[in-house]
Protein chains: 2
Amino acid sequence: MKIIELKETITASNDRDAQNLREELRESGALLINLMASPGAGKTTLLDRTIRDIGTRHRIGIIEADIDSDVDARHLAALGVSAVQAHTDGMCHMDAGMTRAALEELGYGDKDLIFLENVGNLICPAEFDTGAGKNVMILSVPEGDDKPLKYPLMFRTSDVLLITKTDAACIFDFDFDKCEERARKLNPDIRIFRVCAKNGEGMEAWEDWLEEQVRGWRA
Amino acid sequence: MKIIELKETITASNDRDAQNLREELRESGALLINLMASPGAGKTTLLDRTIRDIGTRHRIGIIEADIDSDVDARHLAALGVSAVQAHTDGMCHMDAGMTRAALEELGYGDKDLIFLENVGNLICPAEFDTGAGKNVMILSVPEGDDKPLKYPLMFRTSDVLLITKTDAACIFDFDFDKCEERARKLNPDIRIFRVCAKNGEGMEAWEDWLEEQVRGWRA
């Protein structure tokens, strides 16, 4: 597992860079999933369970983006997948240039599914296209069902909303229907899955969706 | 309760603006507490309980900073305190100029304790001095004890760490001692309180600290 130190890319057009990267990834057959969430929402735990469930059927790569530390990348590399830890030099998000640098370090020609675990933040990552094929966000039950009201752009830019830590619903007052209604008001096409990565509940529907995307990306 | 729309302040020196604002606040006798945390860590619930517990002994004001919505400001205004909702125009943090604009809207000459509930984000708010007398951060148990490793600047710039949602420790694997050790390694002087704003556990020690600061600020 490697650690690379990134700097923000100074470029005229992040959107164009992201589009170019997405096309290159499509040609190579690697689907990049940009996974975004608040700090501690459970991104790494979700990836851990997903890799254990479907990892043997795919050639998976992981990019962990953090301001500091490499605990998550080490954790996932121990599952046998290729992993790169990207340090963002204090930056609160990944952009397309940073993602490209991390992908080159990881190598993507031999992968069919790559997860970019973005910096823990519900705001800034939503503003920068990374070049990913799909954007997936996590909202964990302890964060509350009102988050679509406060962080609308994240819900608008995500293809999928994973509501996680559903096992904590017994002690937190979380209205699933209200949360989903608020998310769909911002983004009528958003796919929503309720999952608990810890006990596995709901993971199958999410993983079915994921494998369907991998097949569609290659075709 | 008012809603104001803010823009980022373009200024040569946020640090100098913040220092000027802090001195003006000290002269007027108003202690400004900058409350920072991830989305959904429980900032508003903590303020709700704090206001109910010590609100009658102080002239309290609230600034709620969010990208969108006014649910939190309406909630706290209903407790009888002055509240202003500041919309940050998509910005992921408050700076000193934005804080000054919100304070002028709120009025601070007649207050002795003002809470700025910063935008939910563990990264960017730590980079901008708001002019507050004290910086207080929340880390909630469901977020995990590894957060000091990943968001070191937030822990370094905070005078107080409130570990909240302690009632959730029964279902989350959170090592309090390890978390506190990691926080103190970054910031040996940080004061740490373990609290549950929902059931009131541990709130007294936090509120005692707060009232001591109000007295010290006036002196």
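Model, not experiment: these values are computed from the prediction.

Time to look at the relation of the copies chain B and chain A. Between chain B and chain A, the superposition needs a rotation of 180° and an axial shift of 0.0 Å, giving an RMSD of 0.0 Å. Both copies of the chain, as the preceding transformation shows, are related through a two-fold rotation axis. With an isologous cut-off of 70% or more, the 100% of interface residues of chain B that recur at the interface of chain A puts this contact in the isologous class.

Time to look at the packing of aromatic side chains. Under the criterion given, the structure shown has 4 aromatic pairs over all chains. Where A:Trp206 meets A:Trp209, the ring centres are 5.9 Å apart and the plane angle is 15°; that geometry is what we call stacked. In this pair, A:Trp206 and A:Trp209 are both assigned in helix H8 (residues 203-218), 3 residues apart and thus about one turn of the helix distant. One cation-aromatic arrangement involves A:Arg26 over A:Trp217; the distance from NZ or CZ to the ring centre is 3.9 Å. Directly above the ring of A:Phe172 sits B:Lys198, whose terminal nitrogen or CZ lies 5.6 Å from the centroid.

Here we come to a negative patch on the surface. Residue and element names in this part refer to chain A. Where like charges cluster on the molecular surface, the negative patch consists of Asp53, Glu204, Asp208 and Glu212. Per-element accounting of the negative patch gives the leading share, 3 residues, to H8. Taking relative accessible area as the criterion, Glu204 reaches 61% and is therefore assigned exposed.

Quick look at the nonpolar core now. Core analysis: the largest hydrophobic core is formed by 88 residues, its most contacted members being A:Leu161 and B:Leu161. A:Leu161 has contacts with A:Met137, A:Leu139, A:Phe155, A:Ala183, A:Ile190, A:Arg191, A:Ile192 and A:Phe193, leaving out every residue within four places of it along the chain.

Hydrogen bonding along the main chain pairs the strands of a sheet, whether they run parallel or antiparallel. Residue and element names in this part refer to chain A. Taken together, the 8 strands give an open sheet; going across it, the order is E1-E4-E3-E5-E2-E6-E7-E8, and neighbouring strands pair in parallel fashion. Each edge of the open sheet carries a strand with a single partner, namely strand E1 (2-5) and strand E8 (191-194). Within this sheet the neighbouring strands show an average axis-to-axis angle of 20°, counted without direction. The sheet contact formed by strand E2 (residues 31-36) and strand E5 (residues 113-117) spans 5 bridges and is parallel. The partner of Leu35 across the bridge, within E5, is Glu117. Against the sheet, helix H7 (residues 176-186) engages strand E6 (134-140), strand E7 (160-164) and E8, with an angle of about 160° to E8.

Our next topic: helix H2 (residues 43-54) of chain B. Relative to the 16 Å expected for 12 residues at 1.5 Å per residue, H2(B) spans 16 Å between its end C-alpha atoms, a close match to the ideal helical length. Turning to H2(B), its buried residues are B:Lys43, B:Thr44, B:Leu46, B:Leu47, B:Asp48, B:Thr50, B:Ile51 and B:Ile54.

A word on the environment of A:Cys92. Along the chain, A:Cys92 falls in the loop between strand E4 (82-87) and helix H4 (96-106). A relative accessible area of 12% means that A:Cys92 is categorised as buried. As for A:Cys92 and A:Ile67, which are separated by 25 residues in sequence, their C-alpha atoms are 7.6 Å apart. Not counting residues up to four positions away in its chain, the partners in contact with A:Cys92 are A:Val119, A:Asn121, A:Cys124, A:Pro125, B:Ile123 and B:Cys124.

The rules behind each value
Residues numbered from 1 in each chain as written. Chains lettered and ligands numbered in written order. Predicted model: local features only at pLDDT ≥ 70, side-chain atom pairs only at ≥ 80, totals over all residues. Heavy atoms only, no water. Least-squares fit on C-alpha atoms with pLDDT ≥ 70 in both. Contact = heavy atoms within 4.5 Å. Phe/Tyr/Trp six-rings, centres within 6.5 Å; stacked < 30°, edge-to-face > 60°. Helix = DSSP H or I, 4+ residues; strand = E, 2+ residues; numbered from the N terminus. Lys NZ or Arg CZ within 6 Å of the ring centre and 35° of its normal. Patch = residues over 30% accessible without salt bridge, like charges linked within 9 Å, V, L, I, M, F, W, Y side chains within 5 Å. Areas by Shrake-Rupley, 256 points an atom, 1.4 Å probe, with all protein chains shown as cover. Salt bridge = Lys/Arg side-chain N within 4 Å of Asp/Glu carboxyl O. Lys, Arg positive; Asp, Glu negative; His and termini not counted. Charge placed at Lys NZ, Arg CZ, Asp CG, Glu CD. Buried < 20%, exposed > 50% of the residue type's maximum accessible area, 1.4 Å probe, protein only. Core = buried A, V, L, I, M, F, W, Y, C linked by side-chain atoms within 4.5 Å. Pairing = 2+ DSSP bridges. Axes fitted to C-alpha atoms, helices over the stretch in contact; angles between N-to-C directions. Expected span 1.5 Å × (residues − 1).

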